[in-house]
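Commentary on secondary and tertiary structure
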Amino acid sequence: MISVDEHLDWVLAQVEPVATVTLPVRRAQSLVTTTDVHSSVDLPRFDNSSMDGYAVRRADLEGASSENPVVLPVAGDVAAGDQERHALAPGQVWRIMTGAPMPEGADAVVKVEDTDGHPHEPQLRVHPDEGAHIRRAGEDVKAGDLVLPAGSRIGPGEIAALLSSGVSEIEVVGPVRVAILSTGDELVPAGEPVGPGQIIDSNGPMLEALVREAGAYVVHVGHLPDDEGAIKKQLHRLLDHADLVITTGGVSKGEFDLVKKVLSGQGSMEFVEVAMQPGKPQGFGVLGRRDVPVFTLPGNPVSTLVSFEVFVRPALQRRAGRSEGGRLATGFATEGWRSSPERQTYTRVRIDRDPTGKYAVSPAGGAGSHLVGPLAVADALAVSDPKAAEVTAGSEVDLLLLRPRSEIDARLHAEDDDHDEEG
């Protein structure tokens, strides 16, 4: 057997980002930039008011105060979006709205709160500082400034910054398209009648959800019977359309483990035993003319989930040009549980808080890799040292989070509030 780290290193060494594409900025959310992106304009593009008020010449307001207001006539109104050119003559003011361009000759804005708000002859009760309440052109971003460096993930804020900077198209690592295949004659798609000896295919939908959660795109979810010809035909067809393929089942040592039989010797495909529990039988390689990564995962649902989190998710991030963080944590075991000697063991756990506010974890359901029920309540996988035969109560354990940390913390906070109310 090889270690988890050895297998993960071997996988990631063969995974490259998908091809670069140029997309409209609005369609690039969650994708990663491949080049530095610079602004083509100044931001703001022109001097404008940051307040509703009056554009003024400071010299006209010498000595103005609440006790000694200065009254000046309004030359007109300047609204946001006004494209006319306005000039401010001495002894006048322009009534101006937030975001409206500054009239020529104005060197400050008196906000409406410092006046009586009169539309024609306002009382101006302050002598403003130079440039008061004016947003200067280019004070945010200047033309040519770096907006996003290469390797940046594009989110809502980045989209706003790019479009405001005059960038309408952007070069990014393309979206990662994933195909998922569950194998086995015993599987029945959800919603169809289940006969004797058959089970619902939960792996396909679970992987579909995991892939979407990881920020990739699912282009196919299907089922294959225990038939070499059908498996070969479907897999090779998908290699022309998908950027990553995941199969479940058919990778162990049984007579009907046909995925292994079909793919052995293809491309860089290798089938190995990894020192982990669950998920020992693993297969991986890059296949086809496009060097598509193909993961063949064990068929038990828990083994599938653990394998995805440990091997597939990091590969998806590499394929998308992203680096992922925030999924690791630590907690203290509230009770002991057995670990598998000589294997890195992944135990589904529920997270609570101890009296100090730190994570406290306990097993969620039984240890069998076929037990699906506990998946609904597990918050994390507790990772046990391969040299340990058990996890002792009170010991610190590493956690691989199955839910966003914010979601876990929100639940714990709500539970704390409920306990406080009950108390």
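Residues numbered from 1 in each chain as written. Predicted model: local features only at pLDDT ≥ 70, side-chain atom pairs only at ≥ 80, totals over all residues. Heavy atoms only, no water.

**Some thoughts on the overall build of the chain**
Each helix and strand in the chain was counted, giving seven helices and 29 strands. Within the chain, the proportion of its 423 residues that are buried is 44%. A fraction of 72% describes how many contacts in the chain between residues 6 or more apart in sequence connect residues 24 or more apart. Total accessible area computed for the chain in this model is approximately 20500 Å², and 49% of it derives from carbon and sulfur atoms. (Helix = DSSP H or I, 4+ residues; strand = E, 2+ residues; numbered from the N terminus. Buried < 20%, exposed > 50% of the residue type's maximum accessible area, 1.4 Å probe, protein only. Contact = heavy atoms within 4.5 Å. Areas by Shrake-Rupley, 256 points an atom, 1.4 Å probe, with all protein chains shown as cover.)

**What to know about the packing of helix α1 (residues 4-12) against helix α6 (residues 301-319)**
Between α1 and α6, the shortest axis-to-axis distance is 10 Å and the interhelical angle comes to 30 degrees. When the interaxial angle is binned, α1 and α6 end up roughly parallel. For the pair α1 and α6, the crossing hand works out as right-handed. On α6, the residues touching Val4, His7, Leu8, Val11 and Leu12 of α1 are Val310, Phe311, Pro314, Ala315 and Arg318. (Axes fitted to C-alpha atoms, helices over the stretch in contact; angles between N-to-C directions. Parallel < 35°, antiparallel > 145°, perpendicular 65-115°, else oblique. Left-handed = near helix turned anticlockwise from the far one by under 90°.)

**Structural notes on empty space enclosed by the protein**
Inspection of every chain in the model, using the stated rule, returns one cavity of 30 Å³ or more. Space inside the largest cavity adds up to approximately 40 Å³. Tallied by class, residues from the lining of the largest cavity come to seven nonpolar, one polar and one charged. (1 Å grid on protein atoms, 1.4 Å probe; cavity = no way out; pocket = protein on both sides within 12 Å on 5 of 7 lines; lining within 4 Å. Points joined across faces, edges and corners; volume = space filled by probe spheres on them. Nonpolar A, V, L, I, M, F, W, Y, C, P; charged D, E, K, R; others polar.)

**What about unusual backbone geometry?**
Look at the link from Leu43 to Pro44: it is a cis peptide, with omega at -10 degrees. Cis geometry marks the peptide bond from Gln277 to Pro278; its omega dihedral reads 0 degrees. You can see Pro278 is positioned in the loop between β20 (276-277) and β21 (281-287). Unlike most non-glycine residues, Ser30 shows phi in positive territory, near 75 degrees. The residue Ser30 is located in the loop between β1 (20-24) and β2 (32-33) in this model.

**A look at the pattern of salt bridges**
Two side chains bearing opposite charge may form a pair once their charged atoms approach each other closely. Applying the stated criterion to the full structure yields 19 salt bridges. Here Asp77 and Arg95 are joined by a salt bridge, their closest N and O atoms 3.0 Å apart. Note that Asp77 is positioned in strand β7 (residues 74-78) and Arg95 in strand β8 (residues 93-96), a separation of 18 residues in sequence. Among the ionic pairs, Arg313 bridges to Glu213, the shortest N-O distance being 2.9 Å. Placement of the pair is Arg313 in helix α6 and Glu213 in helix α3 (residues 203-213), with a sequence separation of 100 residues. (Salt bridge = Lys/Arg side-chain N within 4 Å of Asp/Glu carboxyl O.)

**Brief notes about the sheet that holds strand β13 (residues 169-173)**
Pairing within the open sheet is antiparallel, and its three strands lie in the order β1-β13-β2. At either end of the open sheet lies a strand with only one pairing partner, and these are β1 and β2. One ladder, built from five bridges, connects β1 with β13; its direction is antiparallel. By the bridge assignment for β13, Leu23 is matched with Ile170. (Pairing = 2+ DSSP bridges.)

**A short note on α6**
Residue Phe308 marks the point of greatest curvature in α6, where the axis turns by about 45 degrees. Counting buried positions along α6 gives 17 out of 19 residues, so the element sits mostly inside the fold. Directly after α6, the chain includes Gly321, whose backbone phi takes a positive value near 75 degrees. (Bend = angle between axes of the 7 residues up to and from the residue.)

**Digging into the packing of aromatic side chains**
The full count for this structure, using the stated rule, is two aromatic pairs. Geometrically, the ring pair formed by Trp10 and Phe284 is edge-to-face, given 5.7 Å between the ring centres and 85 degrees between the ring planes. With a gap of 274 residues between them, Trp10 in helix α1 and Phe284 in strand β21 connect regions that are remote in the sequence. Owing to a relative accessible area of 27%, Trp10 belongs among the partly exposed residues under this scheme. Plain terms: the ring middles of Phe284 and Phe295 are 4.7 Å apart, the flat faces sit at 50 degrees to each other, and that makes the pair tilted. Separated by 11 residues along the polypeptide, Phe284 in strand β21 and Phe295 in strand β22 (residues 292-297) bring together distant segments of the chain. (Phe/Tyr/Trp six-rings, centres within 6.5 Å; stacked < 30°, edge-to-face > 60°.)

**Concerning the side chain of Ser152**
For Ser152, the location among the structural elements is in the loop between β12 (146-148) and α2 (156-164). Residues within four places of Ser152 in sequence aside, it is in contact with Leu31, Val32 and Thr33.

**Overview of helix α4 (residues 228-238)**
Three- or four-residue spacings in an α-helix give side chains the same orientation, since the helix completes a turn every 3.6 residues. Those residues of α4 not exposed but buried are Ile231, Gln234, Leu235 and Leu238. Buried positions in α4, seen along its axis, are confined to an arc of 100 degrees and lie on one side of it. Where α4 is buried, its residues contact β14 (177-183), β17 (217-224), β18 (244-248) and α5 (258-263). The opening residue of α4 is Asp227, an N-cap whose side-chain oxygen sits 3.1 Å from the backbone nitrogen of Gly229. (Arc of directions from axis to C-beta. Polar contact = N/O pair within 3.5 Å; in protein donor to acceptor, adjacent residues only side chain to side chain.)

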